[in-house]
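Take a look at the letters that make up each chain.
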Amino acid sequence: MEYKISLIPGDGIGPEIVGEAKKILDKVCEKYGHTFNYEEVLLGGASIDACGVPLTQEAIDTAKSSDAVLMGSIGGDAKTSPWYKLEPSKRPEAGLLAIRKALNLFANLRPAYLYNELKGACPLKEEVIGDGFDMIIVRELTGGLYFGERKTVEENGVRKAIDTLTYDEKEIRRIAVKAFEIADKRKKKVTSVDKANVLDSSRLWRKVVEEVAADYPDITLEHMLVDNCAMQLVHNPGQFDVILTENMFGDILSDEASMVTGSIGMLSSASLNETKFGLYEPSHGSAPDIAGKGIANPIATILSAAMMLRFSLDLDKEADAVEAAVQQVLKEGYRTVDIMSEGMKQVGTKEMGDLIAERI
Ligand code: NAD
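Since we're looking at a predicted model, the values are computed, not measured.

Colleague: How do you make sense of empty space enclosed by the protein when you look at a structure like this?
Modeller: Empty space among the atoms can be located by rolling a probe the size of a water molecule over them. One pass over the full model with this rule turns up 2 cavities of 30 Å³ or more. Around the largest cavity, the lining residues are Leu165, Tyr167, Val193, Asp194, Leu199, Ser201, Ser202, Trp205, Glu246 and Phe249. Sorting the residues of the lining of the largest cavity by element identifies β8 (189-194) and α7 (200-213) as the ones contributing at least two each. Ranked by residue count, the leading element in the lining of the largest cavity is α7, at 3 residues. The residue makeup of the lining of the largest cavity, split by class, is 6 nonpolar, 2 polar and 2 charged. When its volume is computed, the second largest cavity comes out at roughly 30 Å³. Surrounding the second largest cavity, Arg110, Pro111, Ala112, Ile137, Ser254, Ala257, Ser258 and Leu267 form its lining. Those elements that provide at least two residues to the lining of the second largest cavity are β4 (107-113) and α9 (247-261). When its residues are assigned to classes, the lining of the second largest cavity shows 5 nonpolar, 2 polar and 1 charged.

Below, the structure is given as structure tokens:
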């Protein structure tokens, strides 16, 4: 098959880790007989330096015309980088928000997977970890409290701030459908997280999720209140497969779930629109403190590329092969510095990429 992929190296360690992910994709092409045509897109600081703005229309058009976008990370050191002397709307992060909006990416997917080999980095007790965990958080990304009307007023000399949380049934339905489709490719369980004992938006959320569930009889649906879910993530993380939730709850729970894996350099993510199109990126930032040193862990970006193969290109077998290669390299004891532990073999960014590519 032939696909067009936009690559956004971005800033800091971005070009280094995207380079390694491309190496893996090239190996997938060679092994499985596909052709990926790449087009590089400027975003963030790299775009400010080249074009004076963090995102150009040309960049949006290129991304839109591709089958999927693979990104490194954008941004610099806020204290030293000249990008942060610009007004907020012209800084690197504004480019990222703008491209997500332009591409209508309403579904954010963040897997939290505990590798047996990295159990030592997990802050949970052995008896809580049990056989490990493998979950994915599906978070609504363009609605809810972060996008509702907000204002700060003063009434009788008292300052008052108002934020509004709105969801309509269409917004809920489209994210719920994504969650059920993903669960269908996994362990077939959806945990829908809300605050239906208090919020009207959550009560509507529950109703619509149940309507969607009726179309997926093979998938088990359970509802969980968000406060309970926050506890269950550190009490019994193995119970989860797909967690479906709204924007703010997802923001908080996905960070909590990432932390319990213990290794930020390993965590991938995806943001999808209504079609199969998506933007794939590691969960971490551009790590300006280690940029150019050749020590960044490329695995989060490589696993993001695997998600791209699975969710945007429907290449499940190829995605499995990339994930298995990562697991194999860890099993053989290779580690970048961020996940290094005693008795393991320390390697740099390029070497880690080579080792994974060789095992595909
Ligand atoms: P960060 O994730 O870049 O770094 C936090 C710490 O983790 C640093 O010590 C870094 O060296 C380390 N780290 C991160 N990724 C690593 C990797 N792959 N391998 C080894 N070590 C790794 O977070 P930060 O320092 O808060 O932010 C730095 C910049 O990244 C800021 O400009 C921020 O705005 C930007 N950022 C961008 C995105 C994005 O592009 N989606 C996300 C988060 C932060």
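Continuing now.
Colleague: What's the story with the layout of surface pockets in this structure? I'm lost.
Modeller: Roughly 650 Å³ of internal volume is contained in the largest pocket. Lining the largest pocket we find 29 residues, and of these Leu96, Leu97, Arg100, Arg139 and Leu141 sit closest to its centre. Per-class residue counts for the lining of the largest pocket are 9 nonpolar, 12 polar and 8 charged. Looking at the second largest pocket, its volume works out to about 540 Å³.

Cut-offs used in this document
- Residues numbered from 1 in each chain as written.
- Predicted model: local features only at pLDDT ≥ 70, side-chain atom pairs only at ≥ 80, totals over all residues.
- Heavy atoms only, no water.
- 1 Å grid on protein atoms, 1.4 Å probe; cavity = no way out; pocket = protein on both sides within 12 Å on 5 of 7 lines; lining within 4 Å.
- Points joined across faces, edges and corners; volume = space filled by probe spheres on them.
- Helix = DSSP H or I, 4+ residues; strand = E, 2+ residues; numbered from the N terminus.
- Nonpolar A, V, L, I, M, F, W, Y, C, P; charged D, E, K, R; others polar.

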